[in-house]
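Chain and residue survey
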Amino acid sequence: MLFAEAFVTMLVILDPVGNVPVFLALTKDDDAGRRRRASLEATAVAASVILVFAAFGQQILQLLGISLQALQVAGGLVLVLVALELLGSTQRTGHSADVRNPALVPLGTPLLAGPGAIAATMVYIRRADDFGEAMLVVSAIMAALAVVYVALRSAAGLARILGRAGIELLTRVVGVLLAAIAVQLVAAGIDAWVRHGV
């Protein structure tokens, strides 16, 4: 029961289908091979971040004096920058693509391994009564991330169907949606501060 609950919750939060258009927009200048590699990198980064917070999340936040709300606002600000880039007309050059890998930021984190996924992971780990149940939670998280990987890996086929013009249009639409998500993250974090204090 715990496995199923954690799996469904993480799958909803990670939103593999919803992240496919974002993935295509961020990798619009890449070929199919680089997209496949980016899907693996994004999933691996998300898995690493989530597992670190599963093991040490509470201690990390307490040690650094960071609240989940602060993490939420920071994630929102990162997404604002990405949204502005997607909405802009500048094209990535080969050099900048080497320097900044969108599979790592913002896709791996904060889109996949964002405040919602981190908070849910920490809640389910706290609910685990013993090591066996904690491993069930970790297995559920890994299963959800496997679904995300399959969805992102399949994005290359969707890119062939959409074509260059379709991806360009999708990029602009995703830019607007990402900006809205960013504003929502920041607003939710500030609202929590107002209600409960910083």
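Residues numbered from 1 in each chain as written. Predicted model: local features only at pLDDT ≥ 70, side-chain atom pairs only at ≥ 80, totals over all residues. Heavy atoms only, no water.

1. Side note on the overall build of the protein chain
Here is the rule we go by: Labels follow the DSSP assignment, with helices taken as runs of H or I lasting at least four residues and strands as runs of E lasting at least two, numbered in each case from the N terminus. Radius of gyration: over C-alpha atoms. The globule rule applied is 2.2 Å multiplied by the number of residues raised to the 0.38 power. Throughout this description, buried means an accessible area under 20% of the type-specific maximum (1.4 Å probe, protein chains only), exposed means over 50%, and partly exposed covers the range between. Residue contacts are defined here by distance: any two heavy atoms, one from each residue, within 4.5 Å place the two residues in contact. We get accessible surface area from the Shrake-Rupley algorithm with a probe of 1.4 Å; when it comes to residues, only the shown protein chains can shield them.
A count of helices and strands for the protein chain gives 9 helices and 0 strands. Ordered by position from N to C terminus, the α and β elements of the protein chain give α-α-α-α-α-α-α-α-α. The C-alpha radius of gyration of the protein chain comes to 17 Å, within 12% of the 16 Å expected for a compact globule of 198 residues. In terms of its C-alpha atoms, the protein chain occupies a principal-axis envelope of roughly 50 × 35 × 25 Å. Residue burial in the protein chain is summarised as follows: out of 198 residues, 40% are buried. The contacts of the protein chain with a sequence gap of at least 6 include a subset with a gap of at least 24, amounting to 88%. If you sum the accessible surface of the protein chain, you get close to 10100 Å²; carbon and sulfur atoms cover 69% of it.

2. A short note on the nonpolar core
Here is the rule we go by: Joining through side-chain atoms within 4.5 Å is the link that ties buried Ala, Val, Leu, Ile, Met, Phe, Trp, Tyr and Cys residues into a set, and such a set is a nonpolar core.
Formed by 42 residues in total, the largest nonpolar core has its most connected members in L14, L107, L152 and L178. Within the residue set of this core, elements represented by two or more residues are α1 (2-14), α2 (16-26), α3 (32-64), α4 (68-87), α6 (103-112), α7 (115-127), α8 (131-153) and α9 (155-196). Sort the elements by how many residues they give to this core and α8 lands first, with 8 residues. The contact partners of L178, leaving out residues within four places of it in the chain, are V22, L79, V82, A83, L86 and L111.

3. Description of the confidence of the model for the protein chain
The test is simple: Known as pLDDT, the predictor's per-residue confidence is scaled from 0 to 100.
The predicted model of the protein chain has a mean per-residue pLDDT of 85, with 93% of residues at 70 or higher. When pLDDT is averaged over each helix and strand of the protein chain, the minimum, 42, is found for helix α5 (residues 94-99) and the maximum, 95, for α8. Per-residue pLDDT stays below 50 along residues 89-99; that stretch engages in 14 contacts with residues further than four places along the chain or on separate chains.

4. Concerning the packing of α4 against α6
Helices that pack against each other are described as a pair by the angle of their axes relative to one another and the distance between those axes. We count it as follows: Note on method: axes are straight lines fitted to C-alpha atoms, helices fitted across the in-contact stretch only, with angles between N-to-C directions ranging 0 to 180 degrees. Whether a crossing is left-handed or right-handed is set by the direction in which the near helix is turned from the far one by less than a right angle, anticlockwise for left-handed and clockwise for right-handed. Asp, Glu, Lys and Arg are counted as charged, while Ala, Val, Leu, Ile, Met, Phe, Trp, Tyr, Cys and Pro are counted as nonpolar; the rest, among them Gly, fall into the polar class.
Interaxial distance between α4 and α6 falls to 10 Å at its minimum, and their mutual angle equals 145 degrees. As α4 runs across α6, the sense of the crossing is left-handed. Two secondary-structure elements touch here, α4 through G75, V78, L79 and V82 and α6 through V105, P106, P110 and L111. Among the residues making up the contact of α4 with α6, the classes are represented as 7 nonpolar, 1 polar and no charged.

5. Description of unusual backbone geometry
Looking along the chain, the bond that leaves V105 and enters P106 is cis, with omega of 15 degrees. Examined against the element boundaries, P106 turns out to sit in helix α6. Look at the link from T109 to P110: it is a cis peptide, with omega at 15 degrees. With phi around 50 degrees, D15 is a residue other than glycine that occupies positive phi space. Mapped onto the fold, D15 is located in the loop between α1 and α2.

6. A closer look at the packing of α4 against α9
Operational definition: Angle categories are assigned with fixed cut-offs, so that under 35 degrees is roughly parallel, over 145 is roughly antiparallel, 65 to 115 is roughly perpendicular, and the rest are oblique.
Running from amino to carboxyl end, α4 crosses α9 at an angle of 160 degrees, the nearest separation of the two axes being 8 Å. Looking at the two axes, α4 sits roughly antiparallel to α9. Considering only the axes of α4 and α9, their crossing is left-handed. Split into classes, the residues belonging to the contact of α4 with α9 amount to 21 nonpolar, 7 polar and 1 charged.

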